[in-house]
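# A look at the structure
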Amino acid sequence: MTDAANASFKPRIFSGIQPSGGLTLGNYLGALKRFVEKQDEGIETIYCLVDLHAITVWQDPERLRAQTREAAAAFIAAGIDPTRSILFNQSQVSAHAELAWILNCVARIGWMYRMTQFKDKTAGKNAENSSLGLLAYPSLMAADILLYHATMVPVGEDQKQHLELTRDIAAKFNHDYKVDFFPITEPLIEGAATRVMSLRDGTKKMSKSDPSDASRINLTDDADAIAQKIRKARTDAEPLPETLAELKDRPEARNLVNIYAALAGEAPEAVLERFAGHGFGAFKPALAELAVATLAPISGEMKRLMADPAEIDRTLGEGAERADAIAQPILAQTLDIVGMIRSRAD
Ligand code: AQP
C-alpha cells in the first residue's frame, strides 16, 4: 500500500513514553511538548504510558507503579487534557499484547537484531542474557500504533528506526494477507530538540536511565537543581559563534543552544543571533532562567496531582476504556484476517 492509500484512514495520532524512570527534559522537548501541540491542533490524540515496554528491562514493581503515576501527572501538568486526548497505561488494554503476538509472527528476527536501540541497550553486556522482550520491543511498539490505525506518531529522533520498522511490519502484513488493513504510519520528528543530549556528554542522548543524575534535567527537579545542573553542564571555553555550522564540532554547545531554542520556541539561528560572541558565563544563566520558568509550573502541578494517586488511577482507567473501545474492533478484524475462529458467545 502506498502512502497515498493512507488517505482512507482518519488522521489519528498515537505516541507513548516508558515509565521506566522519571521523565526528562529530553522526553519533554522531544515528545511531551509536541504531544500537547498536536492535541491543541484538534487532531484525535491517543497517548500511552507504555508500562509493558518498561519491563523489557528489570523494574521494581512498586517503583514502576509510582513512575507510571508520576508520568501520568507529567502529561497532565504539561497540558494533556484527558478529556480531549486519550491518556492511559498500556497494560490496561490487553489488545496491545495480543496484536504484538500476531506482529511477532509477521516481523523477522533479523529485523529486530538490526535495531540500534537493542544494540545500544545490550552494548558491553551479554546480549544472549537480555530479555526476549527487549529484542521484540519494536514489534510491541508497532502493535501500539497499528492497534489504533494511527496515521502519525510524534517521536524524538531516537525512535526513527523503530517507526520505519512499524511501516515495514504494516506493509508485510498487508502484503502477506493481501489486504489494505494497516496504515503506513508517518513519523513526526520536528523542532529544535528532536535529540536532546546528555549534559555531561554531548555525544550521548539525555536519558532517564542514565546512571548519572547530573546528565539530565528531570521534570521533578526544583529551580536550584535545574540551575545547578545547567551551570555544571559540560561545555568548552569558546564564545558562541554566529552560525550553526560553526557549532558542528561542539556537541555540548550545540545541545545547549538547541535546548534554549526549543524552550523559547525559536529557531537555533535566532538564539545565536542574540548570544553570538558571549561565553557560557552569560549564556548558561539565561538558559537556566528560561528552563526554570518553563519547568517550575509543570513540576509544581505534578506535585499537586501526585498527592491524589487514586484520581490519577481513575483518569488512566477511563482512558483505558476509551482506548479499548477503538482497539477491540481493530484487533477482532486482525484476528479474522489471520484466520482465527471467533465463536465465543460473550
Ligand atoms: N534525549 C531525548 N531527546 C529528544 N527526545 C527524546 N525522547 C527520549 N529521550 C529523548 C523521546 O521521548 C519519547 C519517549 O521515549 P521513551 O521513554 O519511550 O524511551 P527512550 O526513547 O528510550 O527514552 P529514554 O529517556 O532514553 O528512556 P530509557 O532510558 O528508559 O531508555 C520518545 O518519543 C523519544 O524519542
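Since the model is a prediction, treat every value here as computed from it, not as a measurement.

### Description of the overall build of the protein
If you tally the helices and strands in the protein, you get 13 helices and five strands. Its C-alpha atoms put the protein at 70 × 45 × 45 Å along the principal axes. Residue burial in the protein is summarised as follows: out of 346 residues, 50% are buried. About 16000 Å² of surface is accessible on the protein, with carbon and sulfur atoms providing 52% of the total. For the protein, the centre of its 39 positive side-chain charges and the centre of its 47 negative side-chain charges are spaced 3 Å apart.

### Concerning helix α10 (residues 251-264)
Over its 14 residues, α10 runs 20 Å from end to end, which matches the ideal 20 Å to within 8%, given 1.5 Å per residue. Most of α10 is tucked away: eleven of the 14 residues are buried. Taken residue by residue, α10 has E252, A253, N255, L256, V257, N258, I259, Y260, A261, A262 and L263 as its buried positions. Looking at the packing, one finds that the buried side of α10 touches α1 (25-40), α11 (268-275) and α12 (280-306). Immediately beyond the C-terminal end of α10, within one or two residues, lies G265, with a positive phi of roughly 70°.

### Side note on the nonpolar core
Membership of the largest hydrophobic core comes to 57 residues, with the highest contact counts inside it found for L25, Y28, L29, L32, F75, I259 and F283. Setting aside its immediate chain neighbours within four residues, L29 contacts R34, A193, V196, I259, A262 and L263. Grouped together as the second largest cluster of nonpolar side chains are 47 residues, V50, I102, V155 and A327 included.

### Examining the environment of L99
Following the sequence through the fold, L99 ends up in helix α4 (residues 95-104). Along the sequence, L99 and M152 sit 53 residues apart, while their C-alpha atoms lie 19 Å from each other. What L99 contacts, discounting residues up to four positions off in sequence, is A143, L146, L147, F182, L331 and T334.

### Describing the domain arrangement of the protein
Domain boundaries in the protein define domain 1 (3-194 + 309-338) and domain 2 (213-304). A separation of 29 Å is found between the C-alpha centroids of domain 1 and domain 2. Taken together, the 14 residues of domain 1 in the interface contact 16 residues of domain 2. Summed over both sides, the interface between domain 1 and domain 2 buries roughly 1200 Å², with carbon and sulfur atoms accounting for 78% of that surface. Along the contact surface separating domain 1 from domain 2 lie zero salt bridges. Counting the contacts that link domain 1 with domain 2 gives three residue pairs in polar contact (both at pLDDT 80 or more). Those elements that provide at least two residues to the side of domain 1 that touches domain 2 are α1 and α3 (61-78). Counted by class, the side of domain 1 that touches domain 2 contains eleven nonpolar, one polar and two charged residues.

### Thoughts on unusual backbone geometry
Positioned with a positive phi, H149 is a non-glycine residue whose angle comes to about 50°. Take H149: it is sitting in the loop between α7 (132-146) and β4 (152-154). At K178, a residue that is not glycine, the phi angle is positive and equals roughly 55°. Summarising the element assignment, K178 is placed in the loop between α8 (160-176) and β5 (186-188).

### Remarks on the site of the ligand
Not every one of the 23 residues close to the ligand is listed here, only the nearest: K121, D158, S207, K208 and S209. Here an oxygen atom of the ligand and a side-chain polar atom of S20 are 2.7 Å apart. Separating an oxygen atom of the ligand from a side-chain N or O atom of Q159 is a distance of 3.3 Å. For the ligand, whose accessible area on its own is 640 Å², the fraction buried by protein is 97%. Within the residue set of the shell around the ligand, elements represented by two or more residues are β1 (12-17), α1 and α6 (116-122).

### Some remarks on the pattern of salt bridges
Counting across every chain of the model gives 25 salt bridges. We note a salt bridge from E164 to K160, for which the minimum N-O separation is 3.7 Å. Of the two residues, E164 and K160 are both situated in helix α8; the distance of four residues between them amounts to about one turn of the helix. Judged by its relative accessible area of 38%, E164 falls in the partly exposed class. Residue classification places K160 among the partly exposed residues on the basis of a relative accessible area of 36%. Residues joined by salt bridges that share partners form a network here, namely R34, K38, E41 and E190.

### A look at the packing of α10 against α12
For the pair α10 and α12, the least separation of the axes is 10 Å and the interaxial angle reads 40°. As for how α10 packs across α12, the hand of that crossing is left-handed. From α10, A253, L256, V257, I259, Y260, L263 and A264 reach across to α12, where they touch F280, F283, K284, A286, L287, L290, A291 and T294. Tallied by class, the residues present in the contact of α10 with α12 amount to 13 nonpolar, one polar and one charged.

Criteria and thresholds
- Residues numbered from 1 in each chain as written.
- Predicted model: local features only at pLDDT ≥ 70, side-chain atom pairs only at ≥ 80, totals over all residues.
- Heavy atoms only, no water.
- Helix = DSSP H or I, 4+ residues; strand = E, 2+ residues; numbered from the N terminus.
- Buried < 20%, exposed > 50% of the residue type's maximum accessible area, 1.4 Å probe, protein only.
- Areas by Shrake-Rupley, 256 points an atom, 1.4 Å probe, with all protein chains shown as cover.
- Lys, Arg positive; Asp, Glu negative; His and termini not counted.
- Charge placed at Lys NZ, Arg CZ, Asp CG, Glu CD.
- Expected span 1.5 Å × (residues − 1).
- Contact = heavy atoms within 4.5 Å.
- Core = buried A, V, L, I, M, F, W, Y, C linked by side-chain atoms within 4.5 Å.
- Domains from an automatic or database assignment.
- Buried area = accessible area lost by both parts, 1.4 Å probe.
- Salt bridge = Lys/Arg side-chain N within 4 Å of Asp/Glu carboxyl O.
- Polar contact = N/O pair within 3.5 Å; in protein donor to acceptor, adjacent residues only side chain to side chain.
- Nonpolar A, V, L, I, M, F, W, Y, C, P; charged D, E, K, R; others polar.
- Near = heavy atom within 4 Å.
- Axes fitted to C-alpha atoms, helices over the stretch in contact; angles between N-to-C directions.
- Left-handed = near helix turned anticlockwise from the far one by under 90°.

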